Amino acid sequence: MGDAIPHWAGGLPADAPPRPGTAKYGEMMKQRERERLEPKAKDSSTTQSADGHAMAPAK
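What counts, and where the lines are drawn
- Residues numbered from 1 in each chain as written.
- Predicted model: local features only at pLDDT ≥ 70, side-chain atom pairs only at ≥ 80, totals over all residues.
- Heavy atoms only, no water.
- Helix = DSSP H or I, 4+ residues; strand = E, 2+ residues; numbered from the N terminus.
- Buried < 20%, exposed > 50% of the residue type's maximum accessible area, 1.4 Å probe, protein only.
- Areas by Shrake-Rupley, 256 points an atom, 1.4 Å probe, with all protein chains shown as cover.
- Salt bridge = Lys/Arg side-chain N within 4 Å of Asp/Glu carboxyl O.
- pLDDT = per-residue confidence, 0-100.

Caption draft 1: Here's a closer look at the overall build of the chain. Counting its regular elements, the chain contains 1 helix and 2 strands. For the chain, buried positions account for 3% of its 59 residues. For the chain, the accessible surface area stands at approximately 5,700 Å², while carbon and sulfur atoms represent 59% of it.

Encoded structure:
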């Protein structure tokens, strides 16, 4: 029932994760596991800041 109520009226926000037990929840968990198992790309010359911009290493 709460899924049909708009967020402004007290319902779930649009970016809320799916509820456990639904097909979308299973797909989301598979995607999370796939992302977790992917090797992280490491580049020692630059790093990413919290806002996503590349930063040069400190000297």
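The rest of the description comes next.
Caption draft 2: Layout of the pattern of salt bridges. With the rule as written, the count across this model stands at 1 salt bridge. A salt bridge links Arg 36 to Glu 33; its shortest N-O distance comes to 2.6 Å. A residue pair is termed a helical-turn pair when its members lie 3 or 4 positions apart in one helix, as Arg 36 and Glu 33 do in helix α1 (residues 23-37) at 3 residues.

Caption draft 3: Highlighting the confidence of the model for the chain. Overall, the predicted model of the chain reaches an average pLDDT of 78, with 66% of residues at or above 70. Within the chain, the element-level pLDDT minimum falls on strand β1 (residues 47-48), averaging 58, and the maximum on α1, averaging 93.

Caption draft 4: Up close: the environment of Met 28. Relative to the helices and strands, Met 28 resides in helix α1. Separated by 10 residues in sequence, Met 28 and Pro 18 have C-alpha atoms that sit 8.0 Å apart.

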